Amino acid sequence: MKRDFSPTVLDFGPIHIYLARHFGFCYGVENAIDIAFRTIEENAGRRIFLLSEMIHNPQVNADLKASGIEFLQDNSGKQIIPFESLTADDIVLIPAFGTTLAIEKKLKDIGIKIEQYNTTCPFVEKVWNRSEVIARNQYTIVIHGKPNHEETRATFSHASANTPSVVVRDMDEAKELAKYILGEKPFEQFYTVFKGQFSEGFDLSRHLQRIGVVNQTTMLASDTQAIADYLKETMISRYGLTEENLRERFADTRDTLCYATNDNQTAVTGMLNTKADLAIVVGGYNSSNTSHLVELCEEKLPTFFINNEEKILSAQTIMHYNFHLKSELVSEYYLPSKHPVSVLLTSGASCPDALVEGVIKKLAGFYPASKSVEEIVTQFQ
Ligand code: SF4
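Residues numbered from 1 in each chain as written. Predicted model: local features only at pLDDT ≥ 70, side-chain atom pairs only at ≥ 80, totals over all residues. Heavy atoms only, no water.

Enquirer: Give me the lowdown on the environment of Tyr-334, citing residues and values where you can.
Expert: Note on placement: Tyr-334 falls in the loop between strand S12 (327-332) and strand S13 (341-347). A sequence separation of 46 residues divides Tyr-334 from Phe-380, and the C-alpha atoms of the two residues are 29 Å apart. Not counting residues up to four positions away in its chain, the partners in contact with Tyr-334 are Leu-278, Phe-304, Ile-312, Ser-314, Ala-315, Gln-316, Thr-317, Ile-318, Leu-363 and Phe-366. Of the polar contacts made by the side chain of Tyr-334, one reaches the backbone oxygen of Ser-314; its length is 2.7 Å. (Helix = DSSP H or I, 4+ residues; strand = E, 2+ residues; numbered from the N terminus. Contact = heavy atoms within 4.5 Å. Polar contact = N/O pair within 3.5 Å; in protein donor to acceptor, adjacent residues only side chain to side chain.)

Next up, the structure:
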């Protein structure tokens, strides 16, 4: 069946909001939040910790904190509460993006039952399982991800337990890696350029002869595909491969891309076919998948990345995040004075729908002649 990725039109009259066909929470995030709140409910009186932020959304994490949960580490893996202060009776929730084998072991050694409260997303586990299978066939794993992201650190740890592994951040690093595969650069430079991104004992003379590419699930699927294709072509040209013997040197890992991130990204691509004045993307500023949605929109039209409706200060002024500069900026006259104004709207995989609703209501509220939200909702009933 052909899937529909065209946006849903909310026609308020003076403002048309085009809502992406898929936006917001993915299965993994919903599942993790569900388990977290159920754990709080069922374990009154016990200390409950989260290894680090459940998802990259400040509101959700603030809610969890308000419910009594404490964070053991920050997003970069820096310890906030020492593991040594934990006891076997404490509950530690593993977040949706999983954790490293070393941390799993540390918690198990204390006697903490991590399996019971593990919210690692099945799609992240799928990447680990696939890595295990290709590792068994002696492929080196190339992980497309941000080296310091929790999920990449977890995937790197699981993959490198079975086979040599290396992380590439983007196409530039994939091209750099290709130079060592092709023998175009002296091996010593690899160890400096990829410092902190390869597994212990990584031996360039042996470990780039058979490779498979997996990703941090929230990277742009099209970027991972482009990197995998580039490295595949590199292997073909280095070893003179054909379609028949390609698999001897390059593992097929296409089925490890997460459907949810993919759907949100494809829905943005579908939404961008609509002519509009601006785009608003809602999500946590440190959310990887949200920044990729922003990137897609920025290529086409003025885009404002906000983490909730309060950043829309008025009909003239908006405070928004520039993730290239890593800072919040204030822009004036972001809404054109023409009627109707067309706004594209989407949100990242860690953004609650209530925040998107808040943005819709705020924007529509700037136009006294606009239809009410209730009137719009009845069109869809
Ligand atoms: S983006 Fe995909 S892999 Fe990541 S938590 Fe969501 S469903 Fe799971």
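Enquirer: How would you sum up the site of the ligand? Please name residues and give values.
Expert: The environment of the ligand is made up of Cys-26, Gly-28, Cys-121, Phe-123, Val-124, Thr-217, Cys-258, Ala-260 and Thr-261. Among the secondary structure elements, those contributing two or more residues to the shell around the ligand are helix H4 (122-136) and helix H10 (259-271). Broken down by class, the residue content of the shell around the ligand amounts to six nonpolar, three polar and no charged. (Near = heavy atom within 4 Å. Nonpolar A, V, L, I, M, F, W, Y, C, P; charged D, E, K, R; others polar.)

Enquirer: Describe in detail the sheet that holds strand S3 (residues 48-50), supporting the description with residues and values.
Expert: Strand order in this open sheet of three strands is S4-S3-S5, and the pairing throughout is parallel. The open sheet is flanked by strand S4 (70-71) and strand S5 (91-93), the only strands paired with a single partner. Judged from the two bridges that link them, S3 and S4 form a sheet pairing that is parallel. In the strand pairing of S4, Phe-49 is matched with Glu-70. (Pairing = 2+ DSSP bridges.)

Enquirer: Hey, could you go over the sheet that holds strand S9 (residues 278-282) for me, with residue numbers and the actual values?
Expert: Spatial ordering of the open sheet is given by S1-S2-S13-S9-S10, a layout of five strands whose pairing is mixed. A strand with exactly one partner marks an edge of an open sheet, and here the two such strands are strand S1 (8-11) and strand S10 (303-306). Pairwise comparison of adjacent strand axes, ignoring direction, gives a mean angle of 25° for this sheet. Of the strand pairs in this sheet, S1 and strand S2 (residues 15-19) are connected by four bridges, and their pairing is antiparallel. In the strand pairing of S2, Leu-10 is matched with Ile-17. (Axes fitted to C-alpha atoms, helices over the stretch in contact; angles between N-to-C directions.)

Enquirer: Quick rundown of the pattern of salt bridges? Include the residues and the values.
Expert: Per the stated rule, a full pass over the model turns up 13 salt bridges. The closest approach of N and O atoms between Lys-105 and Asp-109, which form a salt bridge, is 2.8 Å. Here Asp-109 and Lys-105 lie together in helix H3 (residues 101-110), a separation of four residues that amounts to about one turn. Note that Lys-338 and Asp-277 form a salt bridge whose closest N and O atoms lie 2.9 Å from each other. Pair noted here: Lys-338 is in the loop between S12 and S13 and Asp-277 is in the loop between H10 and S9, with a separation of 61 residues, a long-range link. According to the relative accessible area criterion, Lys-338 is partly exposed, its value standing at 41%. (Salt bridge = Lys/Arg side-chain N within 4 Å of Asp/Glu carboxyl O. Buried < 20%, exposed > 50% of the residue type's maximum accessible area, 1.4 Å probe, protein only.)

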